[in-house]
Amino acid sequence: MSGPDVDETAVRHAFSRRVPATRDLAGAAGRVAAACRDVAGRFAGGGKLIVFGNGESGVDASHIAVEFMHPVVVGKRALPALALGNDSATLSGVGARQGFDEVFAHQLRAFAAAGDIALGVSPDGRCPNVRRALAQARESGLLTVALCGGARADAPPADHVLVLGGTDPLVVKEVHVTAYHLVWELTHVFLDRLGTGSAAEAARPGVPDCLDDVCVTCSDEARPMRVLRLLPGGMALAREEEAGGGAEDPAGDGVEISVALVDAVPGATVLVHAGEAIALAGDTAAPPQPGGADD
């Protein structure tokens, strides 16, 4: 059975129209990392994330909030987040009485504290209620992040302005989905670096050591660990290969890690990043020794 004829020119065009925006996202790595660094610092200080947008961007806002509140990656901590577009009664009530431009700013005045984060999503940067909410957030001392498409000149003022995706609404949507998943992931990367006890961290509590250098990979390093015992729920007890212990396991008795992504057995060496075994390494099939931790 033959399928319909495919217009190869249309296919090539569909892919090629996404190339500039994808390259632009890759080129924005430093700006995205800087935003995530500061977001992680606010979370470490007890802040929460407040997200807002209209229409499809409102759905993105809800998606972002649930990613932080209910992470799908095993071993990642839940972080407090809420989307302001989820309450239709509040939106309609505030809109009817104060005007639609105030629907997010009004809620920020009620919900937000100075240590929180405000993330506004707009397909073109010109949404009046998103702009008003970010302005309110800045007045209230929140960390502000604008995730926009369109022209840089149209983006609202914010501590971190991420203009990604160009002007094609479909491409903007696709790039924004990728961008906010990067924001989620890199925020956790920076959170893994907090609380190291270094002089820099002591001087600036809740801020990563690599603040000034905007280092993306400083904590993106997998460490070899030996699996001691498998635990229920895709977890395992493991110990760092070096010196029989480590900073997270001073007694050398082992720490819990997730092995949901690898086919680990007791005695295997796994590479672990942020509590997640991401690959097998070394003598991965080594059996446990009699009298060891698995007996």
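Our structure's up above, just so we're on the same page.
A quick note: this is a predicted structure, and the numbers were derived from the prediction, not measured. (Residues numbered from 1 in each chain as written. Predicted model: local features only at pLDDT ≥ 70, side-chain atom pairs only at ≥ 80, totals over all residues. Heavy atoms only, no water.)

Caption draft 1: Structural context of the overall build of the protein chain. Along the protein chain, the regular secondary structure elements total nine helices and ten strands. The buried share of the protein chain, reckoned over its 295 residues, is 41%. A fraction of 57% describes how many contacts in the protein chain between residues 6 or more apart in sequence connect residues 24 or more apart. Entry remark: accessible area of the protein chain is about 14700 Å², with carbon and sulfur atoms responsible for 56%. (Helix = DSSP H or I, 4+ residues; strand = E, 2+ residues; numbered from the N terminus. Buried < 20%, exposed > 50% of the residue type's maximum accessible area, 1.4 Å probe, protein only. Contact = heavy atoms within 4.5 Å. Areas by Shrake-Rupley, 256 points an atom, 1.4 Å probe, with all protein chains shown as cover.)

Caption draft 2: Quick look at the packing of helix H3 (residues 29-44) against helix H8 (residues 169-191). Two elements in contact, H3 and H8, have axes whose closest approach is 8 Å; the angle formed by their N-to-C orientations is 60°. The angle between H3 and H8 places the two elements in the oblique class. The chirality of how H3 crosses H8 is right-handed. Contacts from Val32, Ala33, Cys36, Arg37, Val39, Ala40, Phe43 and Ala44 in H3 reach Leu182, Val183, Leu186, Thr187, Phe190 and Leu191 in H8. (Axes fitted to C-alpha atoms, helices over the stretch in contact; angles between N-to-C directions. Parallel < 35°, antiparallel > 145°, perpendicular 65-115°, else oblique. Left-handed = near helix turned anticlockwise from the far one by under 90°.)

Caption draft 3: Layout of the nonpolar core. Phe43, Leu49, Ile64, Phe68, Leu119, Leu147 and Leu164 are the most contacted members of the largest nonpolar core, which totals 37 residues. Those elements that place two or more of their residues in this core are helix H2 (19-27), H3, strand E1 (49-52), helix H4 (56-69), strand E2 (81-83), strand E3 (117-122), strand E4 (143-148) and H8. Considering every element that reaches this core, the biggest residue donor is H8, with ten residues. Once residues within four sequence positions are removed from consideration, leucine 147 is found in contact with Leu119, Gly120, Val121, Ser122, Leu162, Leu164, His176, Ala179 and Tyr180. Counting residues in each nonpolar core, the second largest holds 21 residues, with Ile50, Val94, Phe104 and Leu142 among its members. (Core = buried A, V, L, I, M, F, W, Y, C linked by side-chain atoms within 4.5 Å.)

Caption draft 4: A look at a nonpolar patch on the surface. A grouping of Val6, Val11 and Phe15 is seen on the molecular surface, where their side chains present a nonpolar patch of about 320 Å² in accessible area. Relative to the elements of secondary structure, valine 6 occurs in the segment before helix H1 (8-16). For valine 6, a relative accessible area of 61% corresponds to the exposed category. (Patch = residues over 30% accessible without salt bridge, like charges linked within 9 Å, V, L, I, M, F, W, Y side chains within 5 Å. Salt bridge = Lys/Arg side-chain N within 4 Å of Asp/Glu carboxyl O.)

Caption draft 5: Inspection of the pattern of salt bridges at higher detail. Scanning the entire structure with this criterion turns up ten salt bridges. Of the charged contacts, one joins arginine 12 and glutamate 8 as a salt bridge, the two residues approaching to 3.8 Å between their closest N and O atoms. In this pair, arginine 12 and glutamate 8 both sit in helix H1, four residues apart, roughly one turn of the helix. With respect to burial, arginine 12 and glutamate 8 carry one shared label: exposed. Here aspartate 116 ties to lysine 48 by a salt bridge, and the two come within 2.7 Å at their closest N and O atoms. Here the residue aspartate 116 occupies a position in the loop between helix H6 (103-111) and E3, and lysine 48 occupies one in the loop between H3 and E1, the gap between them amounting to 68 residues. The exposure class assigned to aspartate 116 is buried, which follows from its relative accessible area of 3%. Classification of lysine 48 as partly exposed rests on a relative accessible area of 22%.

Caption draft 6: Structural detail: the sheet that holds E3. Overall, parallel pairing links the five strands, which are arranged E2-E1-E3-E4-E5 in an open sheet. At either margin of the open sheet sits one strand with a lone partner, and together these are E2 and strand E5 (160-163). Strand after strand, the sheet turns through a mean of 15° between neighbouring axes, direction not considered. Pairing analysis gives four bridges linking E4 to E5, with the strands arranged parallel. Bridge pairing in E5 links alanine 146 to valine 161. In this fold H3 packs onto E1, E3, E4 and E5, with an angle of close to 140° to the strand it touches most, E5. (Pairing = 2+ DSSP bridges.)

Caption draft 7: Structural context of the side chain of serine 57. Mapped onto the elements, serine 57 comes out in helix H4. Ignoring any residue separated from it by four or fewer positions in sequence, one finds serine 57 in contact with Val121, Ser122 and Pro123.

Caption draft 8: The state of the cysteines, seen in detail. Counted by the stated rule, this structure contains zero disulfides. For the unlinked cysteine cysteine 127, the closest cysteine sulfur is that of cysteine 148, found at 7.9 Å. Among the residues examined, cysteine 127 registers a relative accessible area of 12% and is labelled buried. (Disulfide = S-S within 2.5 Å.)

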